[in-house]
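The lines below spell out each chain.
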Amino acid sequence: MDETSDEPPTSAVLLDNCHFSQVVFNNVEKFYVPGGDVICYYTLTQNIIPRGKDWVGIFRVGWKTTREYYTFMWAPLPSDAPSDTTVQQQIQFKAYYLPKDDEYYQFCYVDQDGVVRGASVPFQFRAETEDDILVVTTQGEVEEIELQNKNLRKENEELKASCASLEKQNVNLQEELNKTQELQNSLESLRSNTEKLKLELNSLKKENKHLKELDDCREAELHQLKEQMQNVTSDKERLETRLKTALEHMDQLQSQVLNYQKEVENLSHMDHDKTEQLESLKEENRQLRLTGTQQKEKNKDLEHCMEYVTGLKAKLSLCLSRCLQNEQQQNHDLMKELEEQKHLFQILQAKKNKADEENQKLREENELLRHLLQAGEVSSFSVVSQAQAPIPGPELGGLLYGNPYCGEITWHSASIRKCPMCDKVFPEEIETSQYEAHVQSHLLECPLCSKTFENCNKQVFDDHVFCHGLE
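- Going by an unreviewed UniProt entry, the protein chain carries the name Calcium-binding and coiled-coil domain-containing protein 2 and comes from Himantopus himantopus.
- In its Sequence similarities (unreviewed entry) section, the UniProt entry covering the protein chain states "Belongs to the CALCOCO family."

This is the structure we're talking about:
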């Protein structure tokens, strides 16, 4: 092999395309002795132009391409000479790089394009035999040969050391090449990761742009929602005003209904007492008829009194029926109007928080109940006074035993208290505190603002307390 680490330029060109006549090899021996240097003589004809990468190689006979060389040497460029003349050149091959077998070899001149420009005759590397030549040497030549052999052995040792060093360098270079290959692979991986990161960055930029567009849309929606909230607030204020007016009107109607109910109860009590009195009079009349004929004139007066009482009862019944009809009609109209107001109140109450209005309503009802409780004794006293008024009767027109029905008639009416929530009736012996405690049991009081709600409106009460938590 050549001492340099550069590989010669070769090609896969076959023998048929080579030009062997452009370089002529001279003085080629039939065989060369192993262990000695070989000098190759050749002539460059005017048909070839030498170049810096031309080389001369030793090939085994039978080669087919220039890649099959055994060893080579770079061909030196000739000195300045005319291009139309031939040039004699020589190259020395070191013994260390020559073949060690006895196969046939030949010199070949190869240009830097890898094309063979000339080839020598075949030769061998083997020792001389007696059949080939008879050599006569003197003592001086033997000493000279021994000295050459010694020098060759020394050179061989140096070449071996150089080969070991070159092999070591080759191992180091191979390791560096592996490291370089690993670094190149890492670089390729980094490039691939960089491309992926660039793609991800572009994707993130697109996503960021999309998010900005969504943010703009949401800001527009938020502005629209704020405008809607302002409209709802104005509607709420308007509905609160209407609701307040409706509540005031409803309170007035409830007050009227309570008054009518009181009057109806009073009339009912009066009718009941008069009916009992009439039954008592009938019983007494039946007993008087059994007294005999001696009381006929008295019976006539009694009949006259009975007719008067009957007429009075008829008039009183007619008056009561008319009053009841009027009261019932008025109650029906008031209840109908009250239902309409309640329906309107429920609609308005659904659009706004129901808690505040319901609390106001219950508070007013509580105040009204307290007033009713305070006025209970006065009303009871008034009813008793009116019931104790005497009823005018017929004059005692000469009755023998007098008019048994003439006298003071007293109607007693119990002071009755009625729960406005559940219509439970409390007799007068029940204390006022018990009555108030019963009414208060139907109410729920807010622990934050002291507003009251009915038990049936538990959801409204919970919503009201929840609204305090939002504030």
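1. Some thoughts on the environment of lysine 160
Okay, so step 1: Relative to the elements of secondary structure, lysine 160 occurs in helix H1 (residues 139-289).
Okay, so step 2: With a relative accessible area of 45%, lysine 160 lands in the partly exposed category.

2. Considering the sheet that holds strand S3 (residues 38-44)
Okay, so step 1: Read across the open sheet, the three strands follow the order S1-S3-S6; overall the sheet is antiparallel. At either margin of the open sheet sits one strand with a lone partner, and together these are strand S1 (23-26) and strand S6 (87-93). Ignoring strand direction, the axes of neighbouring strands in this sheet form an average angle of 30°.
Okay, so step 2: Note that S3 and S6 share seven bridges and pair antiparallel. Bridging across to S6, valine 38 finds its partner in phenylalanine 93.

3. Re a negative patch on the surface
Okay, so step 1: Together, Glu213, Asp215, Asp216 and Glu219 make up a negatively charged patch on the protein surface.
Okay, so step 2: With respect to the secondary-structure elements, glutamate 213 resides in helix H1.
Okay, so step 3: Here glutamate 213 falls in the partly exposed class, since its relative accessible area comes to 43%.

4. Points about the packing of aromatic side chains
Okay, so step 1: Evaluated as defined, the whole model comprises 19 aromatic pairs.
Okay, so step 2: Ring plane angle 85° and centroid distance 5.2 Å describe the contact between tyrosine 96 and tyrosine 97, whose orientation is recorded as edge-to-face.
Okay, so step 3: The partly exposed category is assigned to tyrosine 96, whose relative accessible area is 30%.
Okay, so step 4: Overall, tyrosine 97 belongs to the buried group, its relative accessible area being 16%.
Okay, so step 5: Centroid distance phenylalanine 453 to phenylalanine 461: 5.8 Å. Interplanar angle 65°. Geometry classified as edge-to-face.
Okay, so step 6: A relative accessible area of 0% means that phenylalanine 453 is categorised as buried.
Okay, so step 7: Given a relative accessible area of 13%, phenylalanine 461 falls into the buried group.
Okay, so step 8: Among the aromatic side chains, those forming a connected cluster through ring pairs are Phe25, Tyr32, Tyr42, Tyr70, Phe93, Tyr105, Phe107, Tyr109, Phe123 and Phe125.

5. So, the nonpolar core
Okay, so step 1: Judged by nonpolar contacts, the single largest core of 20 residues is most densely connected at Tyr42, Val56, Phe93, Phe107 and Tyr109.
Okay, so step 2: Each residue touching phenylalanine 107, except ones within four places of it in the same chain, is listed here: Phe25, Val28, Tyr32, Val38, Cys40, Gly57, Ile58, Phe93, Gly118, Ala119, Ser120 and Phe123.

6. Regarding unusual backbone geometry
Okay, so step 1: Located in the positive-phi region is asparagine 27, a residue other than glycine, with phi close to 55°.
Okay, so step 2: Topologically, asparagine 27 is positioned in the loop between S1 and strand S2 (31-32).
Okay, so step 3: Classification of asparagine 27 as exposed rests on a relative accessible area of 61%.

Rules used in this analysis
- Residues numbered from 1 in each chain as written.
- Predicted model: local features only at pLDDT ≥ 70, side-chain atom pairs only at ≥ 80, totals over all residues.
- Heavy atoms only, no water.
- UniProt positions renumbered as here; feature names shortened; annotations may be inferred.
- Helix = DSSP H or I, 4+ residues; strand = E, 2+ residues; numbered from the N terminus.
- Buried < 20%, exposed > 50% of the residue type's maximum accessible area, 1.4 Å probe, protein only.
- Pairing = 2+ DSSP bridges.
- Axes fitted to C-alpha atoms, helices over the stretch in contact; angles between N-to-C directions.
- Patch = residues over 30% accessible without salt bridge, like charges linked within 9 Å, V, L, I, M, F, W, Y side chains within 5 Å.
- Areas by Shrake-Rupley, 256 points an atom, 1.4 Å probe, with all protein chains shown as cover.
- Salt bridge = Lys/Arg side-chain N within 4 Å of Asp/Glu carboxyl O.
- Lys, Arg positive; Asp, Glu negative; His and termini not counted.
- Charge placed at Lys NZ, Arg CZ, Asp CG, Glu CD.
- Phe/Tyr/Trp six-rings, centres within 6.5 Å; stacked < 30°, edge-to-face > 60°.
- Core = buried A, V, L, I, M, F, W, Y, C linked by side-chain atoms within 4.5 Å.
- Contact = heavy atoms within 4.5 Å.

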